[in-house]
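Given next are the chains, with one letter for each unit.
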Amino acid sequence: MKGCLVVSMYVVEGGRTLSGEVRVQGSKNSTLPILAASLLCCGESVLFNCPRLSDVDATLSILRYIGCSARREGDTLIVDTASVTRNVIPSGLMHRMRSSIIFLGAMIARFDRVKMSFPGGCELGPRPIDLHLNALREMGVAISEEHGELDCCISDRLHGAKIALTVPSVGATENIMIAAATADGTTVISNAAREPEITDLADYLTACGAKISGAGESTVIIDGVKRLHPATHAIIPDRIVAATLMSAAAVTGSDIRFTSIIPSHLESVLPVFRDCGCEIEMISGGGMVFRSPYRLQSPRLIRTMPYPGFPTDAQAPLMSAAAVADGLTVFVENMFESRYSHVSELCRLGADIRVEGRVAVVDGVRRLLSAHVRARDLRGAAALVVAALSARGKSEIEGVEYLERGYEDFELVLSALGAEMKKV
Ligand code: UD1
């Protein structure tokens, strides 16, 4: 109907115990930069384990707009970047998510001139892109910023540079790696981000013929090659979705078996669940059994840090677990200024949480109560679902569109484990 806005929400009947086996989806934060990097390959890349998410769709829309083709077969994406006809990304496409800035490095590696607007994204406080722009300037790109638009051009060739990041930014590290892969000479990134998604991007680029060493460490060295070729690559499992599902198991006193996780990617997360009293057993040949106690213990202190520290993306779901744990938990959010939008909604569900700047103090209660709540960002939405699973009664959660940016068929995944949850 014209002029009629259709809003979905989740309805969750809390208090059900979960059980069974779950396969964790592919990583959103790997899929997005790898799709952008596929632009450098001028041919057909085959990417396995790509989750169905609105952020992935937004990335594919950009690729299609600039002339590439992409099709999905199950969880495999086949992307053909042989023909690229446009060097402009309009604001409507850039505004759908912040990660669209990842196209800057890839586009400038393919065109002498590129125009795009500033990216959009979840409201997590200021999310500048100065590190991306400064690095590309050092690599020979002239960038002017006017009226929310970036106009970038290379007078000669993109060249390697020594780039010292003041913050180990994930997106900036990825943008530099992509741009440097076919630049003239060597690029050295110091204070690079070390996230597993950086290593996954390096693995894909290496399969395409790039020469990269040190990915996953603080210094990444990229020796530019003349051209890349298409490749086949399997995306790593999503460690944040795994942490969210563990939080869901923890708050419902459930035992779940995970079939596709990489334990080393969860090294800062698993000890927190152990502190809560959960038992975690690795299964030889892959997988993990996660067992939760009747009542969680408070994990006491959670400080978000760049990898390998505790991930900011897991802060919100873990806060829902802390909300029903026995004792006080102090959260310190060091990565983003405004990442507590879920707190007021958790309090509507009966949580006892006080926020002062970057610190949130959670006094665990025995039981949350059902309520109508509204998500305002992706991980906050996941936290509200986790909390509603443990609450007594029927909760309604608005803001499904945020959750669908990062969680594939979340209601189906949780329902298959025994949750009573549906999208209406
Ligand atoms: C990525 C992840 C996001 C995660 C975040 C931190 C993707 C698609 N998204 O986001 O889920 O929450 O890492 O782990 O991978 N900064 C600057 N200037 C810049 C860039 C960043 O000051 O040019 C600051 C940011 O404001 C923030 C910090 O650096 O405080 C980390 O941000 P960054 O690592 O860049 O996050 P994203 O790559 O956007």
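Please refer to the structure higher up on the page.
About the criteria used
- Residues numbered from 1 in each chain as written.
- Predicted model: local features only at pLDDT ≥ 70, side-chain atom pairs only at ≥ 80, totals over all residues.
- Heavy atoms only, no water.
- Pairing = 2+ DSSP bridges.
- Helix = DSSP H or I, 4+ residues; strand = E, 2+ residues; numbered from the N terminus.
- Axes fitted to C-alpha atoms, helices over the stretch in contact; angles between N-to-C directions.
- Near = heavy atom within 4 Å.
- Polar contact = N/O pair within 3.5 Å; in protein donor to acceptor, adjacent residues only side chain to side chain.
- Areas by Shrake-Rupley, 256 points an atom, 1.4 Å probe, with all protein chains shown as cover.
- Nonpolar A, V, L, I, M, F, W, Y, C, P; charged D, E, K, R; others polar.
- Buried < 20%, exposed > 50% of the residue type's maximum accessible area, 1.4 Å probe, protein only.
- Core = buried A, V, L, I, M, F, W, Y, C linked by side-chain atoms within 4.5 Å.
- Contact = heavy atoms within 4.5 Å.

### Describing the sheet that holds strand 19 (residues 328–332)
Strand order in this open sheet of 4 strands is 18-19-21-20, and the pairing throughout is mixed. Two strands close off the open sheet at either side, each with one partner strand: strand 18 (301–303) and strand 20 (352–356). Averaged over all adjacent pairs, the angle separating strand axes in this sheet is 15 degrees, with direction ignored. As judged from the 5 bridges shared by strand 19 and strand 21 (residues 359–363), these two strands associate in the antiparallel manner. Residue pairing in the sheet places V330 in a bridge with V361 of strand 21.

### Considerations on the site of the ligand
Neighbouring the ligand are 19 residues; D130, S169, V170, D313 and M335 lie closest to it. Within the side chain of N29, an N or O atom sits 3.1 Å from an oxygen atom of the ligand. Between an oxygen atom of the ligand and a side-chain N or O atom of R339, the distance comes to 3.5 Å. With the chains in place, 86% of the 740 Å² that the ligand exposes on its own is no longer accessible. Secondary structure elements with two or more residues in the shell around the ligand: helix 5 (130–138) and helix 6 (170–181). The leading source of residues in the shell around the ligand is helix 5, at 3 residues. The class makeup of the residues in the shell around the ligand is 8 nonpolar, 6 polar and 5 charged.

### Here's the deal with the pairing of strand 3 (residues 44–48)
Two strands pair when backbone bridges link them, and strand 3 and strand 5 (residues 76–80) are joined in this way by 4 bridges, in the antiparallel orientation. Counterpart to E44 in the pairing with strand 5 is D80. Alignment of strand 3 against strand 14 (residues 232–234), held across 3 bridges, turns out to be parallel. Directly across from F48, in strand 14, lies its bridge partner A234.

### Overview of the sheet that holds strand 3
Adjacent strands of a sheet form backbone hydrogen bonds with each other and so pair up, either parallel or antiparallel. Spatially, the 4 strands line up as an open sheet ordered 4-5-3-14, and their pairing is mixed. Each edge of the open sheet is held by one strand with a lone partner, namely strand 4 (69–73) and strand 14. The sheet shows a mean angle of 15 degrees between the axes of neighbouring strands, taken without regard to direction.

### Comments concerning unusual backbone geometry
Here Y307 and P308 are connected by a cis peptide whose omega angle stands at 15 degrees. Residue placement: P308 occurs in the loop between strand 18 and helix 10 (315–323). Even without being a glycine, N49 presents a positive backbone phi close to 65 degrees. Relative to the assigned elements, N49 resides in the loop between strand 3 and helix 2 (54–65). On the basis of relative accessibility, which here comes to 14%, the residue N49 falls in the buried class. Unlike most non-glycine residues, N191 shows phi in positive territory, near 55 degrees. By the secondary structure assignment, N191 is in the loop between strand 11 (186–190) and helix 7 (196–207).

### Considering the nonpolar core
Taken as a class, soluble globular proteins show a tendency for nonpolar side chains to be buried jointly. Of all hydrophobic cores here, the largest spans 76 residues; its most connected members are F103 and M139. If you tally residues by element for this core, the top one is helix 6, at 7 residues. Non-local contacts of F103, meaning those with residues more than four positions away in its chain, are made with A36, L39, T59, I62, L63, I89 and M116. Formed by 72 residues, the second largest nonpolar core is a distinct cluster that contains V24, L245, F273 and M288.

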